[in-house]
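What follows is each chain in one-letter form.
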Amino acid sequence: VLELEGSSVTEFAWEPNGRKFAIISSDNTVNFYAVDTSPRDLSTCRIVLPNPIKASRLYWSPLGNQIILAVNGALKFFNVNENI
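Residues numbered from 1 in each chain as written. Predicted model: local features only at pLDDT ≥ 70, side-chain atom pairs only at ≥ 80, totals over all residues. Heavy atoms only, no water.

Naming follows an unreviewed UniProt entry, where the chain appears as Translation initiation factor beta propellor-like domain-containing protein of Corchorus olitorius.

Here's the deal with the sheet that holds strand β6 (residues 57-60)
Spatially, β6-β7-β8 is the arrangement adopted by the three strands of the open sheet, whose pairing is antiparallel. The two strands at the open ends of the sheet, each matched to only one other strand, are β6 and β8 (74-79). Pairwise comparison of adjacent strand axes, ignoring direction, gives a mean angle of 25° for this sheet. Both β6 and strand β7 (residues 66-71) contribute to a ladder of four bridges, which runs antiparallel. By the bridge assignment, Tyr59 is partnered in β7 with Ile68. (Pairing = 2+ DSSP bridges. Helix = DSSP H or I, 4+ residues; strand = E, 2+ residues; numbered from the N terminus. Axes fitted to C-alpha atoms, helices over the stretch in contact; angles between N-to-C directions.)

Here's the deal with the pattern of salt bridges
What the rule picks out here adds up to two salt bridges. The shortest N-O distance in the salt bridge between Glu15 and Lys20 comes to 3.3 Å. For the pair shown, Glu15 and Lys20 are each scored as buried. (Salt bridge = Lys/Arg side-chain N within 4 Å of Asp/Glu carboxyl O. Buried < 20%, exposed > 50% of the residue type's maximum accessible area, 1.4 Å probe, protein only.)

What follows is the structure in structure tokens.
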């Protein structure tokens, strides 16, 4: 269970071939999370980016790591692994 305080999730997208997912909260901020699949525990951790990203839609590439963000009528290509 992942609880977000003070906001709701308006968009959710799971990385097709990986362990990450992205959400857009009610203020249009994009947050990335990684799932730790260790044998003892299943937990999530937030991937903190240096600068907040705002978007209205999320589209992962079929191989993962790359995501396309719809931002004010434009598409922004983003490599999640390089911006951690």
